[in-house]
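Summary of structural features
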Amino acid sequence: MSSNKGIVNMTSRIEGKELIMERTFHAPRELVFKAFSDSKNLESWWGPQGWKTENKTFEFKQEGVWHYCMRCEDKNQGEFYGMESWGKAIYKEIVVPEKIVYADAFSDKDGSISDQMPEMIITMLFEDSGENTKLTVRSQFSSEDELKKVVEMGVEQGMASQFDCLDEVLAEWK
């Protein structure tokens, strides 16, 4: 357990076709932003606990591609052990160290987007609060049904677990 646990546990709410998740980290904004903007940094924590991420492609620039695979390496996760989950993002806007906007979708290992799962537009806002950073993640879906499908899959629990992983690496980097 990290002593750097998020200052405020993650909160989430739904507004229309948007899922909004917020969490405050005990780390400066530039460091939290760097966790998302550097390939090796992102690989070191992205994904729920017990999963390891490998970036196949990482081009952190407007219209750049981030293609990655998360693999469950925790035998205690039962049927999830050994499972792979591929994702592909296209960066739409980057304002260092304030904002990242990208189109996000499930994909296969070749980068082909899944038509079985919803695509979303993710807007990440990094708010400077001295020694702390408030991160707001706004996930916009094309319909309320698509949003509901992702919520039912456990996206909120997965993101909360992922943010716990981020807490641990931020404590190591400070």
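As recorded in an unreviewed UniProt entry, the protein goes by SRPBCC domain-containing protein and comes from Metabacillus idriensis. Reading the Sequence similarities (unreviewed entry) entry of the UniProt record for the protein gives the comment "Belongs to the AHA1 family."

Concerning the pattern of salt bridges
On inspection of all chains with the given rule, the structure shows 13 salt bridges. For aspartate 164, the salt bridge goes to arginine 23, with nearest N and O atoms at 3.1 Å. Of this pair, aspartate 164 sits in helix α4 (residues 155-173) while arginine 23 is found in strand β2 (residues 18-25), placing the two residues 141 residues apart along the sequence. Among the residues examined, aspartate 164 registers a relative accessible area of 19% and is labelled buried. The shortest N-O distance in the salt bridge between arginine 23 and aspartate 167 comes to 2.4 Å. Taken as a pair, arginine 23 in strand β2 and aspartate 167 in helix α4 lie far apart in primary sequence, 144 residues in all. The exposure class assigned to arginine 23 is buried, which follows from its relative accessible area of 2%. Here the residues in one salt-bridge network are Arg13, Glu15, Glu18, Glu22, Lys134 and Arg138, joined through shared partners.

A short note on helix α1 (residues 29-37)
Summarising burial for α1: seven of the nine residues are buried, a large majority. Of all the residues in α1, the buried ones are Arg29, Leu31, Val32, Phe33, Ala35, Phe36 and Ser37.

What counts, and where the lines are drawn
Residues numbered from 1 in each chain as written. Predicted model: local features only at pLDDT ≥ 70, side-chain atom pairs only at ≥ 80, totals over all residues. Heavy atoms only, no water. UniProt positions renumbered as here; feature names shortened; annotations may be inferred. Salt bridge = Lys/Arg side-chain N within 4 Å of Asp/Glu carboxyl O. Helix = DSSP H or I, 4+ residues; strand = E, 2+ residues; numbered from the N terminus. Buried < 20%, exposed > 50% of the residue type's maximum accessible area, 1.4 Å probe, protein only.

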